[in-house]
Every structure is written in C-alpha cells, then in structure tokens.
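Residues per chain, in single letters:
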Amino acid sequence: MDRELWNRIRIAIQRAANSIGWHGGRRKPVYPNWLIVAMYVWSVAHDRPLCWACQRSNYGALFRPRQLPSVSQFTRRIKSEDCQRILQAVHDQFAQRGVMTEMLYIDGKALAVSPVSKDRDAKRGKISGAFARGYKLYAAVNANRRIVVWSVMGLNEDEKTVTRQALLPNLPPLTRDGLVLADSHYDSAPLHEEVCEPLGVWLVHPLRGQDRAGGKNRWWKLLQMPVSRRALIHLWEQQPELMRFVYKSRQEIERVFGVLVCTAGGLASLPAWVRHLDRVRRWVGVKIILYNARLQQRTTPQSLAVA
C-alpha cells in the first residue's frame, strides 16, 4: 500500500471516529476506535488474519502504532457497534453515496469456500456452470464505477430478493428517468414495481422467457405486467439495436468486479480464516473500501481529498 492511499484511508477513519464518538462506557479506552479500525484495515489490505495485526514487527514507517492491544481485545473491539459504524462511514465517504447519478448497475459475484468447510453460514448454490458452497456479493455500481451499495449473503439467496430487501432501500439518489441495468436474472414483476414506480427510474434487462408469452392470450398477460415491463418489451421488440446499445454499458460492473479481484490486496478469494457471515461481511467491506479509495486516488488530487 502506498503512502498517499494509506493517508487518505487513515484520515477518513479518524474523521469518522471523531464524529461517531465513544459509546462503550464512561471510561475513555486505552486503544481508541480509530486505531482498532485502522489496524483491521491494515491487516485486510495485506491479506493477513487479526493476530497478525497485533504483532509490532508487521508495521513500518507508514503506520506504526505506539501501543497495540492483545489479540482477544482486538477481536472483541472490532466487532463493536462503534467500529462497524466507523467502517460504514468510511465506505460512504469513498463510495460518494450522496452524489446523484443517472445510471446504476447491479449484479452478484460468488465467493466460494472449500466444499468440505465446516462453516455453517456457507450455503450451497449455483455458480457459473456448477454448484458450490459459500457466499455471494450483491453490489450496485454507479456511473463513476463506485460500489455504492453492497450486501453479502449465502450463495443460495436469490438475487432479486436480496436486491429488493437490501439494495433498493439504500440506493443513492437517482436522476429522474435514470437507468438501473441488470442481467436477465432480475426480470421480475415485483422488482419492476419497487424500482420503477417509487423511484421514477427504469429497470433495463434482457427479457426472460418472453418467447413463451405469445399466443392469443398475450394481451391479457401484458395487462398483468407492470407498466415499466410492458414498455421494456415494446422497446426490445421495436428498437432492438437501440436497446442492445444501451444495455452494452452494463459490462461496466463486470470491469469493476475484475478490478476488485485482480488488484493487489483485492478480493481474489476468501482466505481460510475468514469464515461465518459477520467476518465475511467485514472482510468484503474493507476490500470495497480499498477499491473505492484507489479509484478516488486516481481521480482526485491529494489536496482536495484531505480538505
């Protein structure tokens, strides 16, 4: 990790910790919340377990705490509500959740574990061309390639259900008649009703099973659909070239997942010490913070980021 990137993250952690404060009791802690969160981010950035972060030999001139907590105290503190709120605040800052966008891309990425793993939270589900056990990252990416909203669930969870329950209530502000692009797995009438009508945006995806919706009762089936899906069917039938041109931009989320996985210190796979849903969520959340911070580093000067 280079110095500029770490300075951005450290400053964001300290600001978030100062705004959130301390709610763990009346006594001031020996190890402040910002130090606990910074140690955890440092260990995740180097793909190391929590015990590694409590060893002084693993720090250098870039980050060298004066005092380090014990392993048991560190693992207990990082689970606290204050530290979780700090991580969420840092994510919101680097993801630019308050910035209005005209386009969002939603998709899921499987995070498989060993088939003989004893992790009870790792569920069996379908991946590309096979079945596996593990978790799945569900993400919404804006037009600036920021991962603004995400959720990690078991691999058996349906993408449409997670989108409706976890992603939609936390989406960033969208411009009127904005676009939400997804693949054919998101072709769902309830999803159209919860995306298009309340938010005033359009859900765009390839049609699924539309070849079986013909016949003499086709008009009746169309009347039972939401207005947005009827309009989407009309556009795919009347202007297929235009729809393919618009839908081509959905590949942006595939590029985002590619950068998230291939970057050094990125989310390549879940290591053996990251098991159970709460640990997986914290690990993935920090990887997303690092991705968004690197993206901000390439697009924003250091002086503007610190100001």
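Quick look at the structure, then.

Conventions and cut-offs
- Residues numbered from 1 in each chain as written.
- Predicted model: local features only at pLDDT ≥ 70, side-chain atom pairs only at ≥ 80, totals over all residues.
- Heavy atoms only, no water.
- Helix = DSSP H or I, 4+ residues; strand = E, 2+ residues; numbered from the N terminus.
- Expected span 1.5 Å × (residues − 1).
- Buried < 20%, exposed > 50% of the residue type's maximum accessible area, 1.4 Å probe, protein only.
- Arc of directions from axis to C-beta.
- Contact = heavy atoms within 4.5 Å.
- Salt bridge = Lys/Arg side-chain N within 4 Å of Asp/Glu carboxyl O.
- Polar contact = N/O pair within 3.5 Å; in protein donor to acceptor, adjacent residues only side chain to side chain.

Regarding helix α11 (residues 251-262)
Along an α-helix, residues three or four apart share an orientation, since each turn contains 3.6 residues. Here α11 spans 17 Å end to end across 12 residues, near enough to the 16 Å set by a 1.5 Å rise per residue. Here α11 has its buried residues at Glu252, Ile253, Val256, Phe257 and Leu260. All buried residues of α11 fall inside an arc of 140 degrees around its axis, so they share one side. Buried positions along α11 lie against β1 (101-113), β3 (130-142), β4 (147-154) and α12 (277-299).

Considerations on the pattern of salt bridges
Applying the stated criterion to the full structure yields 12 salt bridges. In this structure, Asp107 engages Arg250 in a salt bridge whose closest nitrogen and oxygen atoms are separated by 3.3 Å. Of this pair, Asp107 sits in strand β1 while Arg250 is found in the loop between α10 (240-247) and α11, placing the two residues 143 residues apart along the sequence. Across the pair, exposure class does not vary: Asp107 and Arg250 are buried alike.

Structural notes on the side chain of Arg8
Along the chain, Arg8 turns up in helix α1 (residues 3-20). Here the side chain of Arg8 touches Gln296 through a polar contact of 3.1 Å, side chain to side chain.

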